[in-house]
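Structure at a glance
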Amino acid sequence: MEEKWITQFKGLSRLPEEIRLALEKGSEIVSVPAGTQIFAPGQTADKLWLLLDGTVKVQQRSETGRDVFLYRVHAGESCVLTTANMLAFEEHTAEGLAETDVRAVAIPRQTFDDLVAKSPVFREFVFTAYSKRITDLFVLIDDILFQRMDVRLAARLLELAGETNVVQATHAVLGTELGTAREVISRTLAEFHRRGWIDQSRGEVCLTNRDGLAQLVKSAGFHA
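Labelled according to an unreviewed UniProt entry, the protein appears under the name cAMP regulatory protein, originating from Shimia marina.

This is the structure we're talking about:
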């Protein structure tokens, strides 16, 4: 391995020396450019990815052909669907896309299976990350079923903008993020613009009043 990466992942630093060396030896650091499809529906899940840098978006296509955003994997995290498919020996049912340039540790199946069998610490790391993300997915289902779209969109704009106050995304992309139609996003953004909270240009939303958006989210008790 070209560097010591284990300390970036909570839980792995407690691995015994022998197991830690086996994990380092049996894994590799890989880099992929933004826009790369990392895995796709129907592909065999043969590697667990632990992200060192960048962001991976995981989404699934519905029977109607609409892409539905599930979650993002950030640096220091692993992908729950890949973990589930590795454990169950199943194919991927969703798509993973590199939103940015990505560096990750790729743990092949043989190394993954050996360490899950041998190491309680590694098993705890795998299942702790798995249970947290499953909880996140249940929250997502709850949000889709019960939260107002304007509240969800306000929260997602705040999340995507970060410190920049600018979201580089089309209405269609935002619809994918929230599991709704582009037209719904367009109507909601038009209302946000009327309230003076955002400005829009082609493929871009500029947050002009973060406090207004944040107050909408807070008033609904949304768990952004």
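Right, picking up where we left off after that structure.
Right, let's get into unusual backbone geometry. A positive phi is found at Phe-89, a non-glycine position, where the angle reads about 55 degrees. Relative to the elements of secondary structure, Phe-89 occurs in the loop between α2 (80-88) and β6 (95-98). Judged by its relative accessible area of 60%, Phe-89 is exposed. Phi at Asn-165 is positive, roughly 70 degrees, even though this residue is not glycine. Within the secondary structure, Asn-165 is located in the loop between α5 (149-161) and β8 (166-167). Residue classification places Asn-165 among the partly exposed residues on the basis of a relative accessible area of 27%.

With that settled, the discussion passes to the UniProt feature "domain: HTH crp-type" (unreviewed entry) in the protein. Here the UniProt-annotated "domain: HTH crp-type" (unreviewed entry) positions come out as residues 147-211. Between the C-alpha atoms that bound residues 147-211 there is a distance of 20 Å. The span itself is 55% helix and 15% strand.

Assignment of secondary structure puts Arg-109 in helix α3 (residues 109-118). Excluding anything up to four places from it in sequence, Arg-109 contacts Ala-45, Asp-46, Asn-85, Met-86 and Phe-89.

This part covers α3. Inspection of α3 places Arg-109, Thr-111, Phe-112, Leu-115 and Val-116 among the buried residues, and these make up the whole buried set. In a view along the axis of α3, the buried residues occupy a sector of 165 degrees, so they form one face of it. Exposed residues on α3 whose side chains face more than 90 degrees from its buried face are Gln-110, Ala-117 and Lys-118.

Moving on: the packing of α5 against helix α8 (residues 210-219). Packing of α5 against α8 brings their axes to within 9 Å, and their N-to-C directions diverge by 130 degrees. It follows that α5 is oblique to α8 by the angle criterion. As for how α5 packs across α8, the hand of that crossing is left-handed. Between α5 and α8, the contacting residues are Asp-150, Val-151, Ala-154, Ala-155, Leu-158 and Ala-161 on the first element and Arg-210, Leu-213, Ala-214, Leu-216 and Val-217 on the second. Residue composition of the contact of α5 with α8, grouped by class: nine nonpolar, no polar and two charged.

Right, let's get into the UniProt feature "domain: Cyclic nucleotide-binding" (unreviewed entry) in the protein. As annotated in UniProt, the feature "domain: Cyclic nucleotide-binding" (unreviewed entry) corresponds to residues 11-133 in the numbering used here. As a span, residues 11-133 carries 34% helix and 33% strand, and end to end its C-alpha atoms are 16 Å apart.

This next bit is on the domain arrangement of the protein. When cut into domains, the protein gives domain 1 (5-118) and domain 2 (147-219). For domain 1 versus domain 2, the separation of C-alpha centres amounts to 29 Å. The interface is formed by eight residues belonging to domain 1 together with eight residues belonging to domain 2. Of all residues in domain 1, the largest losses of buried area upon contact with domain 2 belong to Arg-66, Phe-69 and Arg-72, amounting jointly to 67% of the total for that side. At the boundary of domain 1 and domain 2, one finds one salt bridge.

Residues in a regular strand project their side chains so that they alternate between the two faces of the sheet. Of all seven residues in strand β3 (residues 47-53), five are buried; the element is thus mostly enclosed. Pairing geometry for β3 and strand β7 (residues 102-108), over six bridges, is antiparallel. Looking across to β7, one finds that Leu-50 is bridged to Val-105.

Cut-offs applied
- Residues numbered from 1 in each chain as written.
- Predicted model: local features only at pLDDT ≥ 70, side-chain atom pairs only at ≥ 80, totals over all residues.
- Heavy atoms only, no water.
- Helix = DSSP H or I, 4+ residues; strand = E, 2+ residues; numbered from the N terminus.
- Buried < 20%, exposed > 50% of the residue type's maximum accessible area, 1.4 Å probe, protein only.
- UniProt positions renumbered as here; feature names shortened; annotations may be inferred.
- Contact = heavy atoms within 4.5 Å.
- Arc of directions from axis to C-beta.
- Axes fitted to C-alpha atoms, helices over the stretch in contact; angles between N-to-C directions.
- Parallel < 35°, antiparallel > 145°, perpendicular 65-115°, else oblique.
- Left-handed = near helix turned anticlockwise from the far one by under 90°.
- Nonpolar A, V, L, I, M, F, W, Y, C, P; charged D, E, K, R; others polar.
- Domains from an automatic or database assignment.
- Buried area = accessible area lost by both parts, 1.4 Å probe.
- Salt bridge = Lys/Arg side-chain N within 4 Å of Asp/Glu carboxyl O.
- Pairing = 2+ DSSP bridges.

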